[in-house]
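Examining the three-dimensional arrangement
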Amino acid sequence: MAVITISRGSFSRGEEVAAKVAQQLGYMMVSHEVISEASRKFQVSANKLERAIHFAPSLLERFFSRKQKYVACVAAATLAHFKNDNIVYDGLAGQFFASSVSPMTAKILAYFKNDNVVYTGFAEQYYSRTISHLLNVRMTVNLEDRMRLLMKEKNLGRGQAMRALKREDNQRNAWSRYFYGVDNSDDDLYDLVLHMSKMRVDEAADAICETVTKPRFKTSYQSQQAIEDLALAAEIKAALYDDYPDCEVVTDRKSVEIYARFTIHTDTMIADKITAKVLKMNGVSSVSVILIPSVIFT
């Protein structure tokens, strides 16, 4: 029982592999439907969400936080599926959404390791929490093979196909670097890397199915709790984004800690307002709002 994420470039036969894995294991396949689900839940157009997880924000967009909000919405919808076992996710950014701590949250939590800071919450545990039943797979394909598939499907010339693929790869890498500070093609991000230019679809599916049965990928109580906490934190962050875009959220079961920017212009009632809003959400029993210096967010 596990969650499998499959990361790959376009025209890498990833969808075929994911479908075969889901069929062999009896898992549910999740892909583009998370966009429509996030659109309905958070009242954002599907087109805006789709663009937000494909393209990094432009310089102008970074000042308005719209794409950051849309990514938060898609993350929440994706992680809602990840709370269930037996999932194959063939979509963008699954391996990032399921990271136990986002880069910004890690930066904030590190603040509490400094001297002269008194803190009695549960942030420290987030450095060691892992989601053991998550198998992150990366599929790679030689550019020539991808070009042949694209040229055949879209009736493009060689030069057109090469430019299109390189442009898309650059866009995906720019996205992951902006939101998560890493290149999405970095093999260290994945548990299993498959070179599809050297494998058939059924061979790749067999490799994934065999790997996911290993003991280390079995769901434990702690691992399941970690993914449920992460899903709740993502839902809260998406719900708060319009009013408090700089908030970071961590959860421990039904207890929630929210880190909010503090400046001389901060509304003195911000903690009370955030607490009141979050306490109305399903699955939340307590809320602690921690105001920290705005310099930590930069």
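Quick look at the structure, then. Keep in mind that this is a model prediction, so the values were computed, not measured.

1. Some details on the packing of helix α7 (residues 143-154) against helix α8 (residues 158-180)
- In the contact formed by α7 and α8, the axes pass within 9 Å of each other and the chain directions differ by 115 degrees. By the angle between their directions, the pair α7 and α8 is classed as roughly perpendicular. Considering only the axes of α7 and α8, their crossing is right-handed. The segment α7 lies against α8, with Leu143, Glu144, Arg146, Met147, Leu150 and Met151 engaging Arg158, Ala161, Met162, Ala164, Leu165, Lys166 and Asp169.
- Along the lines of polarity and charge, the residues of the contact of α7 with α8 split into 8 nonpolar, no polar and 5 charged.

2. Section: the sheet that holds strand β2 (residues 28-30)
- Ordered by their spatial adjacency, 5 strands build an open sheet running β2-β3-β1-β4-β5, and the pairing between neighbours is parallel. Every other strand in the sheet has two partners, leaving β2 and β5 (192-195) as the edge strands with one partner each. On average, adjacent strands in this sheet sit at an angle of 20 degrees to one another, irrespective of strand direction.
- The sheet strands contacting helix α1 (residues 14-25) are β1 (3-8), β2, β3 (87-89) and β4 (134-140), and the helix crosses β1 at an angle near 165 degrees.

3. Describing the pattern of salt bridges
- A full pass over the atoms with the stated rule returns 14 salt bridges.
- A salt bridge links Lys41 to Glu235, with the shortest nitrogen-to-oxygen separation between them at 3.3 Å. With Lys41 in helix α2 (residues 33-42) and Glu235 in helix α10 (residues 221-240), this residue pair connects regions lying 194 residues apart in the sequence.
- Residue Glu235 is classed as partly exposed on the basis of its relative accessible area, which comes to 27%.
- For Arg200, the salt bridge identified is with Glu203, shortest N-O distance 3.5 Å.
- The exposure class assigned to Arg200 is exposed, which follows from its relative accessible area of 51%.

4. Overview of the pairing of β5
- Of the two faces of β5, the one lined by Leu192 and Leu194 is fully buried and the one lined by Val193 and His195 carries no buried residue.
- Bridge count for β4 against β5 is 4 bridges, and the pairing is parallel. Considered in β5, the bridge of Met139 is made with Leu194.

5. Section: the nonpolar core
- One finds Leu49, Leu79, Phe82, Phe97 and Trp175 to be the most contacted residues of the largest nonpolar core, which totals 39 residues.
- Considering each element in turn, this core owes the most residues, 10 residues, to helix α4 (residues 66-82).
- Sequence-distant contacts of Trp175, that is, excluding residues within four places in its chain, are made with Ala52, Ile53, His54, Phe55, Ala56, Val71, Ala93, Phe96, Phe97 and Tyr180.
- In terms of nonpolar packing, the next biggest core, distinct from the first, is built from 24 residues, Ile6, Ala22, Leu192 and Phe217 among them.

6. Quick notes on α4
- Taking 1.5 Å of rise per residue, 17 residues should cover 24 Å, and α4 covers 25 Å from first to last C-alpha, within 8% of that figure.
- Extensive coverage of α4 is indicated by the burial of 15 of its 17 residues.

7. Looking at the packing of aromatic side chains
- All chains considered together, the criterion is met by 6 aromatic pairs.
- Taking the centre distance of 4.9 Å and the plane angle of 15 degrees together, the rings of Phe96 and Tyr180 count as stacked. Here Phe96, found in helix α5 (residues 94-97), pairs with Tyr180, found in helix α8; they are 84 residues apart in sequence, far enough to count as distant. In this pair, the class of Phe96 matches that of Tyr180, namely buried.

8. Some remarks on the sheet that holds strand β6 (residues 248-252)
- One open sheet accounts for 3 strands, arranged β6-β7-β8; its pairing is mixed. Each edge of the open sheet carries a strand with a single partner, namely β6 and β8 (286-293). For this sheet, the mean angle separating the axes of adjacent strands, direction not counted, is 20 degrees.
- Where strand β7 (residues 255-262) lies against β8, 8 bridges are found, and the strand directions are parallel. In the sheet register, Ala260 faces β8, and the bridge partner there is Leu291.
- The strands touched by α10 are β6 and β7; relative to β6, the strand with the most contacts, the crossing angle is about 145 degrees.
- This element, helix α11 (residues 270-279), spans β7 and β8 of the sheet and lies at about 145 degrees to β8.

9. With respect to the environment of Glu15
- As for its placement among the helices and strands, Glu15 is situated in helix α1.
- In sequence terms Glu15 and Val201 are 186 residues apart; their C-alpha atoms lie 9.8 Å from each other.
- Setting aside anything within four residues of it in sequence, one finds Glu15 in contact with Arg8, Met29 and Asp90.

What counts, and at which threshold
Residues numbered from 1 in each chain as written. Predicted model: local features only at pLDDT ≥ 70, side-chain atom pairs only at ≥ 80, totals over all residues. Heavy atoms only, no water. Axes fitted to C-alpha atoms, helices over the stretch in contact; angles between N-to-C directions. Helix = DSSP H or I, 4+ residues; strand = E, 2+ residues; numbered from the N terminus. Parallel < 35°, antiparallel > 145°, perpendicular 65-115°, else oblique. Left-handed = near helix turned anticlockwise from the far one by under 90°. Contact = heavy atoms within 4.5 Å. Nonpolar A, V, L, I, M, F, W, Y, C, P; charged D, E, K, R; others polar. Pairing = 2+ DSSP bridges. Salt bridge = Lys/Arg side-chain N within 4 Å of Asp/Glu carboxyl O. Buried < 20%, exposed > 50% of the residue type's maximum accessible area, 1.4 Å probe, protein only. Core = buried A, V, L, I, M, F, W, Y, C linked by side-chain atoms within 4.5 Å. Expected span 1.5 Å × (residues − 1). Phe/Tyr/Trp six-rings, centres within 6.5 Å; stacked < 30°, edge-to-face > 60°.

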